[in-house]
Structures are given as structure tokens and as C-alpha cells.
Amino acid sequence: MDLLEYQGKQLFARHGLEVSPGKAATSVEDAVAAANEVGYPVVVKAQVLIGGRGKAGGVKLAADESEAREHAQNILGMDIRGHTVRTLWIEHASDIATEYYASVLLDRQAKQPMVMFSVQGGVEIEQVAQESPEKLVRHHVDALEGLSKAEAIEIARQGGADEDVIDGVADVLMALYEVWLQEDATLAEINPLIVTPDRKVRALDAKVSLDGNALYRHPENQGLSDSENEDPIERKAREQGLQYVALDGDIGILGNGAGLVMSTLDVVAQAGGRPANFLDAGGGSDAAKIKQAVGLILANDAVKAVLFNIFGGITRCDEVARGLIAAFEEIGVGGSTIPFVVRLDGTNDVQGRELLQKAALPNVHAAATMNEAAEKVVELAAA
Ligand code: GDP
Ligand code: MN
């Protein structure tokens with residue numbers, strides 16, 4: 001889960017990192033009011049989940065109210081590489097002497113946390129890594145020991161930070177490591193990390209990704225997910241405890257178990273179809289869960305046909321059939337013109353198929369194998 005810059009900065013501030021005072025705004029009037037409150041000069045910043053906002057014209061300095069208004073008008077609604085700007089962050093502008101780079105992430109290959117630091121800040125770090133890799137310090141941290149002050153000082157020194165700010169940079173690295181660790185982040189990045197003319201070290205930008213699976217440990221972070229950018233069906237699924245990922249095809253998919261659903265996506269693609277979603281109803285799902293799942297799949301207007309691929313293990317096929325029947329009752333007979341192809345195999349499959357047959361749901365087709373089901377659903381979606 002990626003955070004907007006200002007949300008990342010709020011996390012930073014909680015862990016003692018210095019950030020500039022500022023306010024978020026979603027209208028020009030609010031932005032101007034925020035600028036007046038924060039004090040000029042201010043910087044008006046587009047809040048979108050993509051980097052390179054400065055280059056795209058989404059970060060502008062304003063010396064007074066009229067400039068703040070002009071920039072807010074221009075940036076709100078702006079499209080930055082497919083991301084529409086709906087929120088602005090207005091902060092008191094900083095004077096910059098130098099721009100550094102700092103980040104903490106998990107190095108999956110080394111299976112260790114990694115701190116990165118460079119004095120080549122303000123540019124894309126991929127570029128630094130490629131053009132002058134010697135300017136990028138990569139330091140692995142012993143996860144049990146944590147990052148010591150001595151280590152942090154060594155990183156800053158090795159990276160070539162100015163002598164007088166080595167201590168300040170080391171403190172930032174330690175605080176950033178705490179953000180990454182305590183908040184269950186997968187990435188915590190500051191670019192640029194600036195040194196002001198009066199030699200203060202401050203985070204001017206924030207890029208934080210949180211581990212969505214650890215969110216239950218951080219109730220205070222739950223509201224941070226960028227609901228504007230989140231697919232509304234994905235959000236609903238998350239609230240219902242279902243694993244749903246929106247895709248761009250027209251065949252709704254439901255299976256039980258992530259592996260089975262992935263194979264189902266492959267088989268549908270192989271049969272020439274395009275899945276509209278990934279949806280794992282999980283093991284042991286009961287009729288109520290299946291009913292919710294049908295609701296999610298049909299909430300997507302692009303769906304032309306639905307494939308249920310159930311391999312009954314812990315999940316009982318008769319429960320799945322009951323869920324489907326309940327969902328149809330709710331929709332109302334004839335309420336859905338969307339055809340369903342259902343493959344039930346495994347625990348209680350005979351009972352499940354019997355239930356479906358007895359219910360005689362309109363537009364529901366049974367299939368014996370996964371390949372047969374995929375071919376049938378592709379045919380129905382194209383009809
Ligand atoms: P990004 O382009 O999406 O990475 O957005 P940043 O927040 O990093 O801002 C881009 C650039 O704008 C920075 O590298 C700075 O050079 C500049 N900038 C941002 N905030 C300020 C500020 O308060 N004062 C000054 N002088 N420049 C700023
Ligand atoms: Mn940046």
C-alpha cells in the first residue's frame with residue numbers, strides 16, 4: 001500500500017524526523033487558505049502516487065497569495081502520467097543548500113534490511129545506481145541488532161555527506177529505519193533529503209509503502225490507504241475479507257485457493273478469454289461468503305460471463321451451490337442476464353450439483369472439467 005507524500009511525512013514526523021509544516025487541500029480556496037496559514041514562500045505539491053512530479057510541473061514555489069492561487073488552479077486536476085491530481089500539499093518552502101538521498105527497504109535476495117544513502121539526491125536513484133554506482137552506499141542491517149548510531153555515521157561518511165551534517169544525517173537514517181521497522185513498511189524513502197543553508201537536515205519528499213498484510217497491527221494507519229486511487233470493488237472486498245484484484249477483461253472469476261484461481265486465469269486466457277478479476281473465496285467459504293463474492297464480481301459492469309471454479313477440499317461444494325442459489329434469489333429471478341459456468345469437483349460435489357440442478361437457476365451451466373468450463377465461459381462471454 002503506497003502512501004501519498006504528505007501521509008508519509010506524517011509518519012516521519014511521528015518518528016521524530018524533521019519535515020516542513022504544511023496542510024493538505026482539495027480545492028483552490030482551501031489551498032490558498034492553507035498557504036496563508038503556513039506562511040510564504042510556500043511550495044504547492046501535487047499528491048499522486050507517482051514520482052517525477054517536479055519535472056511534470058506538479059511542484060511549484062509560490063511567493064505570495066496570487067502565485068499560490070495560480071499554482072493551485074494549474075495543478076489541481078492535472079494529469080501526471082495517468083494520475084489525476086485531486087489533493088495538494090502546501091508546505092512552507094525550504095531553502096536548499098544540498099540535496100541527498102536516503103532510503104530503507106527489504107533486500108529480498110540478502111534477506112536483510114538495507115539502508116541506502118547518496119549525496120546525489122533530487123534525481124532518480126535508478127539513474128545514480130546506473131551512472132555512478134560508487135555514489136550510492138548500500139548497507140545491510142542485522143535485523144536483530146538494528147541500526148546503531150556508529151553504523152549510521154559510517155554510512156553517512158562513506159557516502160560523502162558534508163562533515164558538519166554527518167551526525168544529523170545519521171540521526172535521520174536511524175529515524176527512517178525506525179519508520180520502516182515500526183510501521184511495517186516495505187519502503188521508506190526520502191528524495192531529496194536536504195541540508196538547509198543553516199545546516200539542518202530535513203525530509204523534503206516522502207515515499208512510503210506499507211505492508212498491507214500487516215495493517216491489522218496498525219489501526220492508526222488504516223485510514224491512510226489512498227481511497228481515491230483504490231478500485232472501489234477492491235476496497236469493498238478488503239472490508240469483506242475477500243481477496244479480489246481487478247483485471248481488465250470481461251470474464252468474472254471465482255475460485256477457492258489462490259493457486260487454483262491463478263490457474264483458472266491461465267486456462268481462461270488459453271481458451272482465448274480475458275479475466276475481469278482475481279477472486280479467491282478462500283478455504284472453507286460458506287454460502288454467505290459466496291453470496292458476497294457474486295456481488296463483488298457482478299459489481300464490475302464489464303463482466304459478461306462468470307466462471308466458478310471450485311475444487312472442494314475444506315470448502316464443501318454443496319455450500320458453494322447454496323451460496324450461488326442465495327445470490328440468485330437476492331438478484332431476483334431474471335434479474336441477472338449474466339451467464340455462469342460452474343465447475344464443482346471434490347468434497348460433496350454430487351450434492352452441490354444436485355442442488356444446482358433442483359434450483360434450475362436461469363443461465364447457470366455446469367461443467368465437468370476446468371478446461372471445459374473455461375471454453376464454455378469464453379464462448380458465453382463472446383455471445
Ligand atoms: P518529485 O519530483 O515527485 O520527486 O517531488 P519532490 O517533492 O522531490 O520535489 C521535486 C523538487 O522540487 C525537489 O527535488 C526540489 O528540488 C524542489 N522542491 C521541493 N520542495 C522545495 C522547497 O521547499 N524549496 C525549494 N527551493 N525547492 C523545493
Ligand atoms: Mn522526490
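Residues numbered from 1 in each chain as written. Chains lettered and ligands numbered in written order. Predicted model: local features only at pLDDT ≥ 70, side-chain atom pairs only at ≥ 80, totals over all residues. Heavy atoms only, no water.

Turning our eyes to something else, we now look at the overall build of the protein. A tally of helices and strands in the protein yields 12 helices and 18 strands. Principal axes of the C-alpha set define a box for the protein whose edges measure 80 × 50 × 35 Å. Of all 383 residues assigned to the protein, the portion counted as buried reaches 50%. Residue pairs in contact within the protein that sit at least 24 positions apart in sequence constitute 69% of those at least 6 positions apart. Of the accessible surface of the protein, which amounts to about 18,000 Å², a share of 49% is contributed by carbon and sulfur atoms. On the protein, the mean spot of the 34 positive side-chain charges and the mean spot of the 58 negative ones are 3 Å from each other. (Helix = DSSP H or I, 4+ residues; strand = E, 2+ residues; numbered from the N terminus. Buried < 20%, exposed > 50% of the residue type's maximum accessible area, 1.4 Å probe, protein only. Contact = heavy atoms within 4.5 Å. Areas by Shrake-Rupley, 256 points an atom, 1.4 Å probe, with all protein chains shown as cover. Lys, Arg positive; Asp, Glu negative; His and termini not counted. Charge placed at Lys NZ, Arg CZ, Asp CG, Glu CD.)

This paragraph deals with the environment of Lys289. Along the polypeptide, Lys289 turns up in helix α9 (residues 287-299). With 256 residues separating them in the primary sequence, Lys289 and Ala33 have C-alpha atoms 47 Å apart. If we skip the residues at most four places from it in the chain, Lys289 touches Gln240, Gly241 and Leu242. Within the local environment of Lys289, its side chain forms a polar contact with the backbone oxygen of Gln240, the two atoms lying 3.1 Å apart. (Polar contact = N/O pair within 3.5 Å; in protein donor to acceptor, adjacent residues only side chain to side chain.)

Our next topic: the coordination of the manganese ion (ligand 2). Protein ligation of the manganese ion (ligand 2) involves Asn191 (O) and Asp205 (OD), the donor distances falling in the range 2.2 Å. Here Asp205 lies in the loop between β11 (201-203) and β12 (207-210) and Asn191 lies in strand β10 (residues 185-195), a separation of 14 residues in the sequence. This pair shows no difference in class: Asn191 is buried, exactly as Asp205 is. (Donors = N, O, S within 2.8 Å, 3.2 Å for Na, K, Ca; no water.)

Here the focus is the site of ligand 1. Taken together, 16 residues lie near ligand 1, and Lys45, Arg53, Gly54, Ser94 and Glu99 sit nearest. Between an oxygen atom of ligand 1 and a main-chain N or O atom of Gly54, the distance comes to 2.8 Å. Look at ligand 1: alone it shows 560 Å² of surface, and the protein chains cover 78% of it. Secondary structure elements with two or more residues in the shell around ligand 1: β2 (42-46), β3 (59-62) and β10. (Near = heavy atom within 4 Å.)

Looking now at the nonpolar core. Within the largest apolar cluster, 40 residues are counted, with the highest numbers of intra-cluster contacts made by Phe12 and Val169. Mapped onto this core, the elements with two or more residues apiece are α1 (5-14), β7 (98-107), β8 (112-118), α5 (149-159), α6 (166-182), β10, β11 and β12. Broken down by element, this core gets its largest block of residues, 10 residues, from α6. In contact with Val169, other than residues within four places in its own chain, are Tyr100, Phe117, Ala156, Ala161 and Val201. Formed by 30 residues, the second largest nonpolar core is a distinct cluster that contains Leu242, Ile297, Cys317 and Leu356. (Core = buried A, V, L, I, M, F, W, Y, C linked by side-chain atoms within 4.5 Å.)

Strand order in the open sheet formed by four strands is β1-β6-β2-β3, with antiparallel pairing between adjacent strands. Either end of the sheet is taken by a strand with one partner, and the two such strands are β1 (22-25) and β3. Put simply, the sheet's adjacent strands are angled 20° from each other on average, direction ignored. In the sheet, β1 pairs with strand β6 (residues 88-92) via four bridges, with the strands oriented antiparallel. Within the sheet, the bridge partner assigned to Ala24 lies in β6 and is Trp89. (Pairing = 2+ DSSP bridges. Axes fitted to C-alpha atoms, helices over the stretch in contact; angles between N-to-C directions.)

Listed in full, the buried residues belonging to α5 are Ala152, Ile155, Ala156 and Gly159. Along α5, the residues classed as buried sweep out an arc of 95° about the axis, all on the same side. Within α5, the exposed residues directed more than 90 degrees away from the buried face are Ala150 and Gln158. Contact partners of the buried residues in α5: β8, β9 (136-140) and α6. The first or second residue beyond α5 is Gly160, which carries a positive phi of 90°. (Arc of directions from axis to C-beta.)

In this model, helix α10 (residues 317-331) (15 residues) spans 21 Å end to end at C-alpha, consistent with the 21 Å of a helix rising 1.5 Å per residue. All of the buried residues in α10 are Cys317, Asp318, Glu319, Val320, Ala321, Gly323, Leu324, Ile325, Ala327 and Phe328. (Expected span 1.5 Å × (residues − 1).)

Moving on, we come to the pattern of salt bridges. Evaluation of the coordinates by the stated rule reveals 25 salt bridges. In this structure, Glu163 and Arg157 form a salt bridge, with 3.1 Å as the shortest nitrogen-oxygen distance. Here Glu163 falls in the exposed class, since its relative accessible area comes to 57%. Counted as one network, the salt bridges with shared partners bring together Glu5, Lys9, Lys45, Arg53, Glu91 and Asp205. (Salt bridge = Lys/Arg side-chain N within 4 Å of Asp/Glu carboxyl O.)

Now for unusual backbone geometry. The omega torsion of the bond from Tyr40 to Pro41 falls at -5°, within 30 degrees of zero and hence cis. Take Pro41: it is sitting in the loop between α2 (28-38) and β2. A cis amide bond, omega 10°, links Asn191 with the succeeding residue Pro192. On the secondary structure map, Pro192 appears in strand β10. If you check the backbone angles, Asp184 has positive phi at about 55° while not being a glycine. Structurally, Asp184 can be placed in the loop between α6 and β10. Not every positive phi belongs to a glycine, and Arg199 is a case in point at roughly 65°. The topology assignment puts Arg199 in the loop between β10 and β11.

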